[in-house]
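Architecture at a glance
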Amino acid sequence: MTQTTTDISPLFKARMGGACWLMCFLTSIFPLIVSGRLVVPREAAATANNLLAHEALFRSGTAALLISTAFYVAATLFVYEVLKPVNRSLSLLAAFFSLVGCAVGALSCLFDFVPFVLLKGPSYLSVFTVEQLQALSYMFLGVRARANDIGLVFFGLHCLGIGYLIFRSTFLPRLIGGLMMFAGIGWLTFLSPPLAQSLAPFNMMPGAIGELSLTLWLLVKGVNVQRWKEQASYLTD
């Protein structure tokens, strides 16, 4: 009548992975809204004025992005535990790519604080004109965006890896594995920012579809525990 810890562990890990991935999606929406509202494309002065007028909002967006990254780290670790019976080494490599992407994304948030240092900085910055400081602030936001693109490339490698593992597994649908590999290809377009920009938003749609499909499946269905245990018992790297 009761399940052992071994029986429920794969289900627990799968559903926790899905829950963390869902929270990552939800907490990442707010920073996108904030950025879209405050950062005016190719307008350094307007962007600087928006940042100064809505500093708390912009900082809240940065905080939300860091929280989203933390949820992605947790999801990565749970998904690694779920998929390691397929191939421990490849699952670990996929997790490594994800953690590198998360680290790049978290470190890139440091650039969000530079505009306020420049625009509200000490008196020695008075050697620069207002227009120069605004341009420098906008430049650092651009550097932050390019760093974020690098993070997306690592997330693409992560999606490719776990997509392949899901496709090879016996306890998760192969269709989701295919969608995740397709998602990875979409994120890899950010290797070339001009290419990614020209394909947007179509290059991001595979990522949204693949990752959301996996998230919902893990939350609702989890994994087939019996097949997970069978594969864990006889598959080695």
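Residues numbered from 1 in each chain as written. Predicted model: local features only at pLDDT ≥ 70, side-chain atom pairs only at ≥ 80, totals over all residues. Heavy atoms only, no water.

Observations concerning the overall build of the protein
Here is the rule: Secondary structure counts use DSSP, requiring at least four H or I residues in a row for a helix and at least two E residues in a row for a strand, with both numbered from the N terminus. Here the term buried applies to any residue with accessible area under 20% of the maximum for its type, exposed to any over 50%, and partly exposed to those in between, with areas from a 1.4 Å probe on protein chains only. Only heavy atoms matter for contacts: two residues are in contact if any of them lie within 4.5 Å across the pair. Accessible areas in this description were obtained via Shrake-Rupley with a 1.4 Å probe; residue shielding takes into account the shown protein chains only.
When helices and strands are counted, the protein shows ten helices and zero strands. Each helix and strand of the protein, ordered N terminal to C terminal, gives the series α-α-α-α-α-α-α-α-α-α. Each principal axis of the C-alpha distribution contributes one length, and for the protein these read about 70 × 35 × 25 Å. Relative to its full complement of 237 residues, the protein shows a buried share of 39%. Sequence separation of at least 24 residues holds for 77% of the intrachain contacts in the protein that already meet a minimum separation of 6. Total accessible area computed for the protein in this model is approximately 12,400 Å², and 71% of it derives from carbon and sulfur atoms.

A short note on the state of the cysteines
Our working definition: Cysteine sulfur atoms are paired as a disulfide whenever they fall within 2.5 Å.
All chains considered together, the criterion is met by zero disulfides. Cysteine Cys20 shares no disulfide, and the gap to the nearest cysteine sulfur, in Cys24, comes to 9.4 Å.

Remarks on the pattern of salt bridges
Short version of the rule: When a carboxyl oxygen of Asp or Glu is within 4 Å of a side-chain nitrogen of Lys or Arg, the pair counts as a salt bridge.
Overall, the coordinates contain six salt bridges when judged by the stated rule. With its nearest N and O atoms 2.9 Å apart, the salt bridge here joins Glu55 to Arg59. Of this pair, Glu55 and Arg59 both sit in helix α3 (residues 55-83), four residues apart, roughly one helical turn. Here Glu81 ties to Lys84 by a salt bridge, and the two come within 3.1 Å at their closest N and O atoms. The class for Glu81 is partly exposed, based on a relative accessible area of 22%. According to the relative accessible area criterion, Lys84 is partly exposed, its value standing at 22%. Via salt bridges that share partners, Lys13, Glu81 and Lys84 belong to a single interconnected network.

Brief notes about helix α9 (residues 205-220)
Think of an α-helix as 3.6 residues a turn; residues three or four steps apart then line up on the same face. Quick reminder of the rule: By this rule, a helix spans an expected 1.5 Å times one less than how many residues it contains.
For α9, which comprises 16 residues, the first-to-last C-alpha distance of 22 Å matches the rise-based estimate of 22 Å (1.5 Å per residue) to within 8%. Residue Gly222 follows α9 closely and has a positive phi angle near 70 degrees.

Things to note about a nonpolar patch on the surface
Inclusion rule: Within the patch definition used here, like charges are joined within 9 Å and nonpolar side chains (Val, Leu, Ile, Met, Phe, Trp, Tyr) within 5 Å, considering only residues with over 30% relative accessible area and no salt bridge.
Nonpolar side chains collect at one region of the surface, where Met23, Leu26, Ile29 and Ile33 lie side by side and expose about 360 Å² of accessible area between them. Relative to the elements of secondary structure, Ile33 occurs in helix α1 (residues 5-38).

Section: the side chain of Asn203
Positionally, Asn203 belongs in the loop between α8 (193-199) and α9. In this structure Asn203 comes out as buried when scored by relative accessible area, which is 5%. Discounting residues that sit within four places of it in the chain, Asn203 has contacts with Gly186, Trp187, Thr189, Phe190 and Ala196.

Section: the packing of aromatic side chains
As a reminder of what qualifies: Each Phe, Tyr or Trp ring, with Trp reduced to its six-membered ring, pairs with another whose centre is within 6.5 Å; inter-plane angles below 30 degrees give stacked pairs, above 60 give edge-to-face pairs, and intermediate values give tilted ones. In our convention, an over-ring charge means Lys NZ or Arg CZ found within 6 Å of a ring centre and within 35 degrees of that ring's normal.
The full count for this structure, using the stated rule, is eight aromatic pairs. Aromatic side chains Phe12 and Phe78 sit 6.4 Å apart centroid to centroid with 85 degrees between the ring planes, which places their arrangement in the edge-to-face category. Here Phe78 lies in helix α3 and Phe12 lies in helix α1, a separation of 66 residues in the sequence. Owing to a relative accessible area of 48%, Phe12 belongs among the partly exposed residues under this scheme. Following the ring pairs from residue to residue traces out a cluster consisting of Trp21, Tyr72 and Phe155. Its end group placed over the ring of Phe116, Arg59 keeps NZ or CZ at 4.7 Å from the ring centre. Its guanidinium or amino end placed over the ring of Phe167, Arg174 lies 4.8 Å from that ring's centre, counting from NZ or CZ.

Remarks on the packing of α3 against helix α4 (residues 88-108)
Our working definition: All axes are obtained by fitting lines to C-alpha atoms, using only the stretch in contact for helices, and the reported angles, taken between N-to-C directions, cover 0 to 180 degrees. Our angle categories are set so that under 35 degrees counts as roughly parallel, over 145 as roughly antiparallel, 65 to 115 as roughly perpendicular, and the remainder as oblique. We call Asp, Glu, Lys and Arg charged. Ala, Val, Leu, Ile, Met, Phe, Trp, Tyr, Cys and Pro are nonpolar, and the rest, Gly among them, are polar.
Two elements in contact, α3 and α4, have axes whose closest approach is 9 Å; the angle formed by their N-to-C orientations is 175 degrees. In terms of orientation, α3 and α4 fall into the roughly antiparallel class. Along the contact surface, α3 presents Leu66, Thr69, Tyr72, Val73, Thr76, Tyr80 and Leu83, while α4 presents Arg88, Ser91, Leu92, Ala95, Ser98, Leu99, Cys102 and Ala106. Residues belonging to the contact of α3 with α4 are distributed by class as follows: ten nonpolar, four polar and one charged.

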